Amino acid sequence: MSAPELSPLLQHEGDAIYGAAVLATSFIESADALPPMPDAVREAIESDLQLLAPQFAGVSRASRLGQWLDTAAVFEARGLLTATKQLLFALLRLTGYTSDAATVAARALISARIGRAARVAGDLVEASEWYEEARRCAWQLPEESRWLDAAPSALLGLGMVSVGRGNYPRAERQFTAVLREKPLLAPMYLVHAQMALCLVHRKRARFGDALTLSWDVLDQISPEDPRWPEVLVTMAELAGELGIVAGAVKARLAALAVARTPRVASAALGGLLSLLADLPEEERSAAVMLFHQSTWGRYLFGEWNTGADDTLRRLAHQSRRWIDAAQALGLTPHDQVLLLIGSVRLAIRIGLAPEPWTVSYIEKARTLSNVHAFHERQFEVEALHERLVNAQMTAAQSEVTQDGAGFSEVARRDPRNSGSLRMTESLAIERLRGAIFTCQIDERAVFA
């Protein structure tokens with residue numbers, strides 16, 4: 001597989017997609033019946049649409065409803081959440097309120113998409129209300145059509161709301177309930193449910209179950225699938241939890257090599273920033289150089305001909321370019337928090353803290369986490385804030401204190417890196433260290 005072209009989603013301010021959003025929303029809001037897609041809108045979103053996996057199993061992309069739902073998905077991926085919701089509300093109005101199966105199914109899908117847009121924006125209350133509406137519509141349908149799109153869209157959405165609230169036991173019950181309908185599920189929803197349950201297992205420290213599910217998903221999709229890098233990021237997170245730092249770095253590099261949207265690339269990059277300082281110098285330099293050769297690395301750094309000795313410092317500083325562009329790139333509030341946390345962790349570990357930008361990043365991460373109730377991230381942010389305060393005190397006491405090595409020692413004492421959390425499922429770990437973390441994707445082709 002060759003390296004991807006730089007994602008058209010990187011083109012932001014003033015480009016055609018913003019004009020398309022204005023045109024699409026005004027056009028559909030003024031319509032009295034579901035209209036055909038304007039050619040100008042179709043042409044503007046065409047390249048973006050190629051980056052997204054199919055959104056539904058039973059809605060043709062060629063149908064009018066399918067075209068408008070795809071357009072909403074593109075706007076959401078761009079971070080144009082207001083335009084997304086405007087379009088979806090107009091679709092809901094035009095769909096009508098009759099009780100025939102086609103209308104009810106369409107209302108279920110549109111309601112679920114409104115719920116998703118609210119969830120991406122961090123409004124879990126509104127998201128829950130719309131997912132519940134989608135579920136109510138779904139259960140008005142005959143069973144054979146209920147599970148095509150309506151029911152899994154609603155139930156998986158409600159499960160993700162539970163994850164966002166930190167209620168993992170409830171989320172597990174919700175995802176398991178979907179998987180019990182496996183014979184009725186389209187393959188895309190089976191993958192969604194497995195990955196969602198994998199997330200819950202990881203949050204509840206059931207690493208063996210999480211690994212099994214993630215490998216099952218990889219067996220069902222190909223490297224060309226837009227979800228492939230997302231699975232790699234999940235497996236990287238598992239490797240990090242198990243203290244397999246080199247494996248986690250390689251998985252994130254592999255994800256960055258094939259990621260085609262800023263959202264996925266940022267998820268991979270945020271963790272990569274946190275992990276690099278824990279690698280031995282030789283492995284760290286090689287990893288940073290591989291990152292620089294990737295499409296996203298070139299976008300972030302441009303040409304880079306410096307030696308390896310300052311790679312981490314430059315990486316920490318240049319990651320600020322990515323973070324500063326986060327809103328224009330369409331990153332969700334949660335993605336932004338992860339990237340802010342990763343950048344500050346790297347700065348702390350290599351002794352850059354307490355620079356003013358690290359303090360401002362922590363404050364921004366704290367604000368986003370509090371506003372959107374990212375409970376788990378709130379704990380991480382407060383822990384990092386405490387480390388920044390300690391770094392400030394150390395700097396005030398002695399300007400010559402070099403604290404970078406101390407943080408590495410703390411990382412080595414961290415039970416996640418000590419091996420105490422390593423699983424007894426030795427075969428799973430060996431596989432984890434194997435094909436995917438030595439880049440199952442041919443690096444010579446990816447980084448050419």
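Since we're looking at a predicted model, the values are computed, not measured.

## Structural notes on the overall build of the protein chain
Looking only at helices and strands, the protein chain has 24 helices and 0 strands in total. Residues classed as buried in the protein chain amount to 55% of the 448 residues present. For the protein chain, the proportion of contacts with a sequence separation of at least 24, taken over those separated by at least 6, is 65%. On the protein chain, roughly 19300 Å² of surface is accessible, and the fraction owed to carbon and sulfur atoms is 53%.

## Quick notes on the side chain of Arg 107
By secondary structure assignment, the location of Arg 107 is in helix 5 (residues 101-120). Here the side chain of Arg 107 touches Gly 96 through a polar contact of 3.1 Å, landing on its backbone oxygen. Those residues in contact with Arg 107, other than ones at most four positions away along the chain, are Leu 92, Thr 95, Gly 96, Tyr 97, Glu 133 and Cys 137.

## Considerations on the packing of helix 4 (residues 81-95) against helix 5
Across the interface, helix 4 lies against helix 5 with an axial gap of 10 Å and an inter-helix angle of 165°. The angle between the axes of helix 4 and helix 5 places the two elements in the roughly antiparallel class. Once helix 4 is placed against helix 5, the crossing between them reads as left-handed. Where helix 4 approaches helix 5, its residues Leu 81, Thr 84, Lys 85, Leu 88, Phe 89, Leu 91, Leu 92 and Thr 95 are matched on the opposing element by Thr 103, Ala 106, Arg 107, Ile 110, Ser 111, Arg 113, Ile 114, Ala 117 and Val 120.

## Overview of the confidence of the model for the protein chain
Scored by pLDDT, the protein chain has a mean of 78; 79% of the residues are at 70 or more. For the protein chain, the element scoring lowest by mean pLDDT is helix 24 (residues 443-446), at 32; helix 6 (residues 124-138) scores highest, at 96. Taken as a whole, residues 1-14 scores under 50 in pLDDT and shows 42 contacts with residues more than four places along the chain or in a different chain. Under a pLDDT of 50 for its full length, residues 398-448 has, in the predicted model, 84 contacts with residues more than four places off or in other chains.

## Structural notes on unusual backbone geometry
The residue Ala 205 is not glycine, and still its phi comes out positive at about 65°. Relative to the elements of secondary structure, Ala 205 occurs in the loop between helix 10 (187-203) and helix 11 (207-220).

## Structural notes on the nonpolar core
One finds Phe 75, Leu 91, Ile 110, Phe 175, Val 249, Leu 272 and Leu 276 to be the most contacted residues of the largest nonpolar core, which totals 134 residues. The biggest single contributor to this core is helix 10, with 10 residues.

## A word on helix 6
An ideal rise of 1.5 Å per residue puts 21 Å on 15 residues; helix 6 measures up with 20 Å between its terminal C-alpha atoms. In this structure, the buried residues of helix 6 make contact with helix 4, helix 5, helix 7 (143-146) and helix 8 (150-164). The N-cap residue of helix 6 is Asp 123: its side-chain oxygen and the backbone nitrogen of Val 125 are 3.4 Å apart.

## Some points on the environment of Trp 147
In this fold, Trp 147 is placed in the loop between helix 7 and helix 8. Here the alpha-carbon distance between Trp 147 and Tyr 189, two residues 42 residues apart in the chain, equals 9.5 Å. Excluding residues within four positions of it along the chain, Trp 147 makes contact with Trp 139, Pro 152, Leu 155, Glu 181, Leu 184 and Leu 185.

## Some details on the packing of helix 3 (residues 64-77) against helix 4
Where helix 3 meets helix 4, the closest approach of the two axes is 8 Å, and the angle between their N-to-C directions is 160°. On the basis of their axis angle, the class for helix 3 and helix 4 is roughly antiparallel. Two packed elements cross with a definite hand, and for helix 3 against helix 4 that hand is left-handed. In this structure, helix 3 contributes Leu 65, Trp 68, Leu 69, Thr 71, Ala 72, Phe 75 and Glu 76 to the contact, and helix 4 contributes Leu 81, Ala 83, Thr 84, Leu 87, Leu 88 and Leu 91. Partitioning the contact of helix 3 with helix 4 into residue classes produces 10 nonpolar, 2 polar and 1 charged.

## Examining the pattern of salt bridges
Across all of its chains, the model carries 16 salt bridges by this definition. Among the salt bridges present, the one from Asp 225 reaches Arg 227, with a minimum N-O distance of 2.8 Å. In this structure, Asp 225 and Arg 227 share a single accessibility class: buried. Between Arg 377 and Glu 380 there is a salt bridge, with its nearest N and O atoms 2.3 Å apart. With Arg 377 and Glu 380 both in helix 20 (residues 375-397), this residue pair falls 3 residues apart, about one helical turn.

## Side note on the environment of Leu 279
In this structure, Leu 279 sits in the loop between helix 14 (262-276) and helix 15 (281-293). The class of Leu 279 is buried, set by a relative accessible area of 7%. As for Leu 279 and Ala 246, which are separated by 33 residues in sequence, their C-alpha atoms are 6.7 Å apart. Among residues more than four places away in sequence, those in contact with Leu 279 are Val 245, Ala 246, Val 249, Arg 284 and Ala 287.

## Remarks on the side chain of Thr 234
Take Thr 234: it is sitting in helix 12 (residues 228-241). Classification of Thr 234 as buried rests on a relative accessible area of 13%. Thr 234 has contacts with Met 195 and Cys 198, leaving out every residue within four places of it along the chain.

## A closer look at helix 13 (residues 245-258)
Relative to the 20 Å expected for 14 residues at 1.5 Å per residue, helix 13 spans 21 Å between its end C-alpha atoms, a close match to the ideal helical length. For helix 13, a buried count of 12 out of 14 residues is recorded, marking the element as mostly surrounded by other parts of the structure. Every buried residue of helix 13 is listed here: Val 245, Gly 247, Ala 248, Val 249, Ala 251, Arg 252, Leu 253, Ala 254, Ala 255, Leu 256, Ala 257 and Val 258.

## What to know about the environment of Ala 106
Assignment of secondary structure puts Ala 106 in helix 5. Put simply, Ala 106 and Leu 91 are 15 residues apart on the chain and 9.2 Å apart in space, counted from C-alpha to C-alpha. When near neighbours in sequence (up to four residues on either side) are disregarded, Ala 106 contacts Leu 65 and Thr 95.

Conventions adopted
- Starting afresh in each chain, residues are numbered from 1 along the sequence in its written order.
- Note on the predicted model: pLDDT of at least 70 is required for a residue's local features to be given, and 80 or more for side-chain atom pairs to be given and counted; whole-chain, interface and lining totals, by contrast, use all residues.
- Hydrogen atoms and water are omitted, and side-chain values are computed over all heavy atoms in the structure.
- Helix and strand assignments come from DSSP, with helices taken as H or I runs of at least 4 residues and strands as E runs of at least 2, each series counted from the N terminus.
- Only protein chains enter the accessibility calculation, which uses a 1.4 Å probe; a residue whose area is less than 20% of its type maximum is buried, one above 50% is exposed, and one in between is partly exposed.
- Should any heavy atoms of two residues lie within 4.5 Å, those residues are considered in contact.
- Here, Shrake-Rupley sampling with a 1.4 Å probe gives the accessible areas, and only protein chains in the shown set may cover a residue.
- N or O atoms within 3.5 Å of each other form a polar contact, as long as, within protein, one can give a hydrogen and the other can take it, and as long as residues adjacent in sequence are counted only when both atoms are side-chain atoms.
- Note on method: axes are straight lines fitted to C-alpha atoms, helices fitted across the in-contact stretch only, with angles between N-to-C directions ranging 0 to 180 degrees.
- Should an angle fall under 35 degrees it is taken as roughly parallel, and over 145 as roughly antiparallel, whereas 65 to 115 is taken as roughly perpendicular and any remaining angle as oblique.
- Each crossing gets its hand from how the near helix is turned against the far one by less than a right angle, where anticlockwise is left-handed and clockwise is right-handed.
- Summary of the metric used: pLDDT quantifies the predictor's per-residue confidence within the range 0 to 100.
- Within this scheme, the nonpolar core is defined by two criteria: the residues are buried Ala, Val, Leu, Ile, Met, Phe, Trp, Tyr or Cys, and they are joined through side-chain atoms within 4.5 Å.
- In this analysis, the expected span of each helix is defined as 1.5 Å times one less than the number of residues it contains.
- Three classes are used: nonpolar for Ala, Val, Leu, Ile, Met, Phe, Trp, Tyr, Cys and Pro, charged for Asp, Glu, Lys and Arg, and polar for all others, with Gly counted as polar.
- The term salt bridge refers to a pairing of a side-chain nitrogen on Lys or Arg with a carboxyl oxygen on Asp or Glu at a separation within 4 Å.

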